[in-house]
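Summary of the model geometry
Here's the letter readout for the chains.
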Amino acid sequence: MAEKHSGRAEKGSQLYLQNLINRYPEIFDSELSKQLGREIKVNWVSPIESDNYREYRDSAFLKKLGIKNICDSQRPLSDFWPDKGAHWDALGKFDSQVFIVEAKGHIEEIVSPGTGATDPNYLKQIQAALQETKKFLRIKSEYDWSKTLYQYANRLAHLYYLRECCKIDAFLIFLYFTNDTSWDDYGTEYGWKCAELVVHKILGIPAKHKLSKYIRNIYIDVDKLI
């Protein structure tokens, strides 16, 4: 399915994200504005309360952002990535810019397994897209992005697709919630930064690359969202 009927979350990063976007959007705007050096006021299109907090993927996420026709004219998503692709926690717009968001609530969430694809054609297309992204970023082919930490890798691949294949002014936001003490491995800002350094090391991602200025890490204390 191209969309997920999420409904109201009860706990975790999904709940905090819903609260942030629907109740306290100014908190996110303030943090992003500081990083980009200009005033940003994001128009969120998912997960929105009036849309029953739906989350989107595949061509539906492009349509929700209003960029599907542009991408179709440049390079259809289906030519780059198969169906049942990246599922976005949040989607937003500001002027001509779009923001695709991956949210995490505790450290273990960042440690994703490899792709679950079993269909040979599906897997072949995923590996080709990841290899294309790695080549653009000048990352050695010996790093297999379809294995451990696949989720982080495929998010980078989708940023590459939007910016380089579709010529969309896209930003990938990794939103890390801090101090959710309901988890033993709850994240602090320092903890998240350390975890991401490990992720980059395993995937062979350098500190600076062609997409790094379009990737932003935002840390928000959950106590601000209750």
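Remarks on the overall build of the chain
When its secondary structure is counted, the chain shows 8 helices and 8 strands. The C-alpha radius of gyration of the chain comes to 17 Å, within 12% of the 17 Å expected for a compact globule of 226 residues. Over its C-alpha atoms, taken along the principal directions, the chain stretches across nearly 45 × 35 × 35 Å. When burial is assessed residue by residue, the chain has 54% of its 226 residues classed as buried. Of the contacts made within the chain by residues no fewer than 6 positions apart, 76% connect residues no fewer than 24 positions apart. Approximately 11,200 Å² of the chain is accessible, and the part contributed by carbon and sulfur atoms is 48%. Mean positive and mean negative side-chain charge positions of the chain (32 and 31 charges, respectively) differ by 6 Å.

Things to note about the packing of helix α6 (residues 120-137) against helix α7 (residues 150-165)
Contact geometry of α6 with α7 gives a least axis separation of 9 Å together with a crossing angle of 70 degrees. One element, α6, and the other, α7, form an angle in the roughly perpendicular class. Crossing geometry of α6 relative to α7 is assigned as left-handed. Here I126, L130, E132, T133 and F136 of α6 lie close against α7, whose contacting residues are Y150, A153, N154, L156, A157, Y160, E164 and C165.

Focus on the nonpolar core
Ranked by internal contacts, the top residues of the largest apolar core, which has 76 residues, are F61, L162 and F177. Residues in contact with F177, not counting those within four places in the same chain, are S13, Y16, L17, L20, A103, K104, G105, G187, W192, I220, V222 and L225.

Focus on the pairing of strand β7 (residues 169-178)
Within β7, 9 of the 10 residues are buried, which leaves the element mostly enclosed by the surrounding structure. Looking at chain direction, strand β6 (residues 97-104) and β7 are connected through 8 bridges and run parallel. In the sheet register, V101 faces β7, and the bridge partner there is I173. When β7 meets strand β8 (residues 215-221), the two strands line up parallel, connected through 7 bridges. Considered in β8, the bridge of F174 is made with N217. On the question of chirality, the crossover connecting β7 to the parallel β8 by way of helix α8 (residues 189-203) is right-handed.

Conventions adopted
Residues numbered from 1 in each chain as written. Predicted model: local features only at pLDDT ≥ 70, side-chain atom pairs only at ≥ 80, totals over all residues. Heavy atoms only, no water. Helix = DSSP H or I, 4+ residues; strand = E, 2+ residues; numbered from the N terminus. Rg over C-alpha atoms; globule rule 2.2 N^0.38 Å. Buried < 20%, exposed > 50% of the residue type's maximum accessible area, 1.4 Å probe, protein only. Contact = heavy atoms within 4.5 Å. Areas by Shrake-Rupley, 256 points an atom, 1.4 Å probe, with all protein chains shown as cover. Lys, Arg positive; Asp, Glu negative; His and termini not counted. Charge placed at Lys NZ, Arg CZ, Asp CG, Glu CD. Axes fitted to C-alpha atoms, helices over the stretch in contact; angles between N-to-C directions. Parallel < 35°, antiparallel > 145°, perpendicular 65-115°, else oblique. Left-handed = near helix turned anticlockwise from the far one by under 90°. Core = buried A, V, L, I, M, F, W, Y, C linked by side-chain atoms within 4.5 Å. Pairing = 2+ DSSP bridges. Right-handed = clockwise from strand over helix to strand, strands pointing away.

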